[in-house]
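Structural features, examined
Read off the chains here:
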Amino acid sequence: MARFQISRRYTMPKTEVRAAARELASKIEREYGLRAQWQEDSVSISGRGVDGALSFGDEKIEVSVKLGMLASLFESRLKHEIEKYLDENVA
């Protein structure tokens, strides 16, 4: 089993962060066949061998992912894609 966490500070308006977070969740749903369930400013992401959460407050967005044995084969790719997306879309 593999786990990773990603955290990024931001200064952009929270409405823009919310839009970027929703787009990231949609991208993960499409590309990895996962389900995203929103509750206020956080989203739970789940699917075959994957449990994750994305949340954001006034200054920081955080992503936490737990991967099962099979899904852990994609850990570096998934982590890299999330980091790249946050670096490009959340400032």
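Structure shown above.
Before going into details, it helps to say that this report is about the structure given with it. Predicted model only: the values in this text are computed from it and were never measured. (Residues numbered from 1 in each chain as written. Predicted model: local features only at pLDDT ≥ 70, side-chain atom pairs only at ≥ 80, totals over all residues. Heavy atoms only, no water.)

Across the sheet, five strands lie side by side as β1-β5-β4-β3-β2; this open sheet has antiparallel pairing. Of all the strands in the sheet, just β1 (2-9) and β2 (35-39) have a single pairing partner and so form its edges. On average, each strand axis in the sheet is inclined to that of its neighbour by 10°, with strand direction left out of account. Alignment of β1 against strand β5 (residues 60-67), held across eight bridges, turns out to be antiparallel. Each bridged residue has a counterpart across the sheet, and for R8 the counterpart in β5 is I61. With respect to the sheet, helix α2 (residues 75-89) is in contact with β1 and β5, its orientation differing from that of β1 by roughly 10°. (Pairing = 2+ DSSP bridges. Helix = DSSP H or I, 4+ residues; strand = E, 2+ residues; numbered from the N terminus. Axes fitted to C-alpha atoms, helices over the stretch in contact; angles between N-to-C directions. Contact = heavy atoms within 4.5 Å.)

Our focus in this paragraph is the pairing of strand β3 (residues 42-47). Sheet analysis places β2 next to β3, joined by five bridges and oriented antiparallel. Paired with W38 across the two strands is V43, which belongs to β3. Direction of pairing for β3 relative to strand β4 (residues 50-56): antiparallel, over a ladder of six bridges. If you follow G47 over to β4, its bridge partner there is V50. Between β3 and β4, which follow one another and run antiparallel, lie two residues, and G49 among them has a positive phi close to 75°.

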